[in-house]
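Read off the chains here:
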Amino acid sequence: MTKPAYKRVLLKLSGEALMGDDPFGINRATIERMVADVAEVSRMGVELAIVIGGGNIFRGVAPGAQGMDRATADYMGMLATVMNSLALADAMRQVGITARVMSAIAIDQVVEPYVRPKALQYLEEGKVVVFAAGTGNPFFTTDTAAALRGSEIGAEIVLKATKVDGVYTADPKKDPTATRFSTISFDEAISRHLQVMDATAFALCRDQKLPIKVFSIVKPGALKNLILGEDEGTLVHV
């Protein structure tokens, strides 16, 4: 097997990616396919941490959250990420991969709290670490949590899994002439107004010189390909 191009990575998954074709919730076949990809990378010796969103669960209660205080709604979203993290860790357990869920908010009876030295220890032991509850603060997205945790653990790259296979010159669903960037700088992405991540997360990655790889989570073998350094997705770099 070809040697992995990265030793330690942070994988950012959207909660919506777990829905599959369902309107909300977790699609079992979808999470099993994702976990199979994650397991393959973990068995290659790559130290893998994951941040996952909660949109698939929060979408189901969103109508009732209209008019709700923003901080309260954000805390509900954090709890949704904990649910997704537990589901992800359990699916990994079923395929023989040891995962540890660490939460930014205290839910000690369910998951352990996020403690950086402990997270680093788990990674060095070959366990997959799933960071739940975002940053633990309202008004920050899970994109920002991914940039923050990636910086804290010394990840070599943030892998942003999406439903498209990279960053395009325009929305490929609306513009058939749109072309995919193989690589693009942070500054060019900003000047072109390309929405790679939210502004806070993007600025943090740029300041920390932490590259971002945008790729398709629905494309079979895409995660393995980019870990092996193949031309997959779009690399955003300093």
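The rules we used
Residues numbered from 1 in each chain as written. Predicted model: local features only at pLDDT ≥ 70, side-chain atom pairs only at ≥ 80, totals over all residues. Heavy atoms only, no water. Helix = DSSP H or I, 4+ residues; strand = E, 2+ residues; numbered from the N terminus. Rg over C-alpha atoms; globule rule 2.2 N^0.38 Å. Buried < 20%, exposed > 50% of the residue type's maximum accessible area, 1.4 Å probe, protein only. Pairing = 2+ DSSP bridges. UniProt positions renumbered as here; feature names shortened; annotations may be inferred. 1 Å grid on protein atoms, 1.4 Å probe; cavity = no way out; pocket = protein on both sides within 12 Å on 5 of 7 lines; lining within 4 Å. Contact = heavy atoms within 4.5 Å. Points joined across faces, edges and corners; volume = space filled by probe spheres on them. Nonpolar A, V, L, I, M, F, W, Y, C, P; charged D, E, K, R; others polar. Core = buried A, V, L, I, M, F, W, Y, C linked by side-chain atoms within 4.5 Å. Phe/Tyr/Trp six-rings, centres within 6.5 Å; stacked < 30°, edge-to-face > 60°. Lys NZ or Arg CZ within 6 Å of the ring centre and 35° of its normal.

Peer 1: Please give an account of the overall build of the chain that cites residues and values.
Peer 2: From N to C terminus, the chain includes eight helices and nine strands. The C-alpha radius of gyration computed for the chain amounts to 17 Å, which stays within 12% of the reference 18 Å derived for 238 residues, consistent with globular compactness. Counting only C-alpha atoms and orienting by the principal axes, one finds that the chain spans roughly 50 × 45 × 35 Å. Considering the chain as a whole, with its 238 residues, one finds that 50% of them fall into the buried category.

Peer 1: Explain the pairing of strand β8 (residues 212–216) to me, and be specific about the residues and the numbers.
Peer 2: Buried residues dominate β8, accounting for five of its five residues. Neither face of β8 is exposed, since Ile-212, Val-214 and Ser-216 on one face and Lys-213 and Phe-215 on the opposite face are all buried. Alignment of strand β6 (residues 157–162) against β8, held across five bridges, turns out to be parallel. The residue of β8 that forms the bridge with Lys-160 is Val-214.

Peer 1: Describe in detail the UniProt feature "binding site: UMP" (unreviewed entry) in the chain, supporting the description with residues and values.
Peer 2: Under the UniProt annotation, the feature "binding site: UMP" (unreviewed entry) is placed at Gly-54, Asp-74, Thr-135, Gly-136, Asn-137, Pro-138, Phe-139, Phe-140, Thr-141 and Thr-142. Taken together, the annotated residues stretch across 89 residues yet fold into one region, lying no more than 14.5 Å apart by C-alpha. Residues from the named set that contribute to the lining of the second largest pocket are Gly-54, Asp-74, Thr-135, Asn-137, Phe-139, Phe-140, Thr-141 and Thr-142. With respect to the helices, strands and loops of the structure, Gly-54 is situated in the loop between β2 (47–52) and α2 (55–65). Among all residues touching Gly-54, those that are not within four sequence positions of it are Gly-15, Gly-77, Ala-80, Thr-81 and Asn-84. Structurally, the position occupied by Gly-136 is in the loop between β5 (128–132) and α5 (142–152).

Peer 1: Quick rundown of the layout of surface pockets? Include the residues and the values.
Peer 2: In this structure, the largest pocket occupies an estimated 490 Å³ of space. Lining the largest pocket we find 21 residues, and of these Thr-162, Val-164, Gly-166, Gln-195 and Val-196 sit closest to its centre. Per element, the largest residue contribution to the lining of the largest pocket is three residues, and it comes from β6. Grouping the amino acids of the lining of the largest pocket by side-chain chemistry returns 10 nonpolar, six polar and five charged. Looking at the second largest pocket, its volume works out to about 400 Å³. Lining the second largest pocket we find 23 residues, and of these Gly-54, Gly-77, Phe-140, Thr-141 and Thr-142 sit closest to its centre. Where the lining of the second largest pocket is concerned, the elements lending two or more residues are α2, α3 (70–94) and α5. No other element matches the six residues that α3 contributes to the lining of the second largest pocket. For the lining of the second largest pocket, the class distribution of residues is six nonpolar, 12 polar and five charged.

Peer 1: I'd love a proper account of the nonpolar core, names of residues and values included.
Peer 2: With 43 residues, the main nonpolar core has Leu-11, Met-92 and Ile-227 as its most contacted residues. Mapped onto this core, the elements with two or more residues apiece are β1 (8–13), α1 (28–42), β2, α3, β3 (99–103), β5, β6 and α8 (222–227). With seven residues, α3 is the single largest residue contributor to this core. The residues contacting Ile-227, other than those within four sequence positions of it, are Pro-4, Ala-5, Tyr-6, Val-9, Val-41, Met-44, Val-46 and Leu-159. Counting residues in hydrophobic clusters, the runner-up holds 32 residues, among them Leu-120, Ala-147, Val-158 and Met-197.

Peer 1: Run through the packing of aromatic side chains, naming residues and quoting values.
Peer 2: Within this structure, the stated rule accounts for two aromatic pairs. Here the aromatic rings of Tyr-114 and Phe-131 are separated by 5.4 Å at their centres, their planes lie at 85°, and the arrangement is edge-to-face. Taken together, the positions of Tyr-114 in the loop between β4 (112–113) and α4 (116–124) and Phe-131 in strand β5 put the pair 17 residues apart, joining distant regions of the chain. One residue, Arg-149, lies across the ring of Tyr-114, its end atom 3.8 Å from the ring centre. Here Arg-149 stacks its cationic end above the ring of Phe-131, 5.9 Å away from the centre of that ring.

Peer 1: Report on α5, specifying residues and quantitative values.
Peer 2: It helps to recall that an α-helix has 3.6 residues per turn; residues three or four apart then point in one direction. Among the 11 residues of α5, eight are classified as buried, and the element is accordingly described as predominantly covered. For α5, the complete set of buried residues consists of Thr-142, Asp-143, Thr-144, Ala-145, Ala-146, Ala-147, Arg-149 and Gly-150. If you follow the buried residues of α5, they end up packed against β1, β2, α3, β5, β6 and α7 (199–207). At the C-terminal side of α5, Gly-154 shows a positive phi close to 70°.

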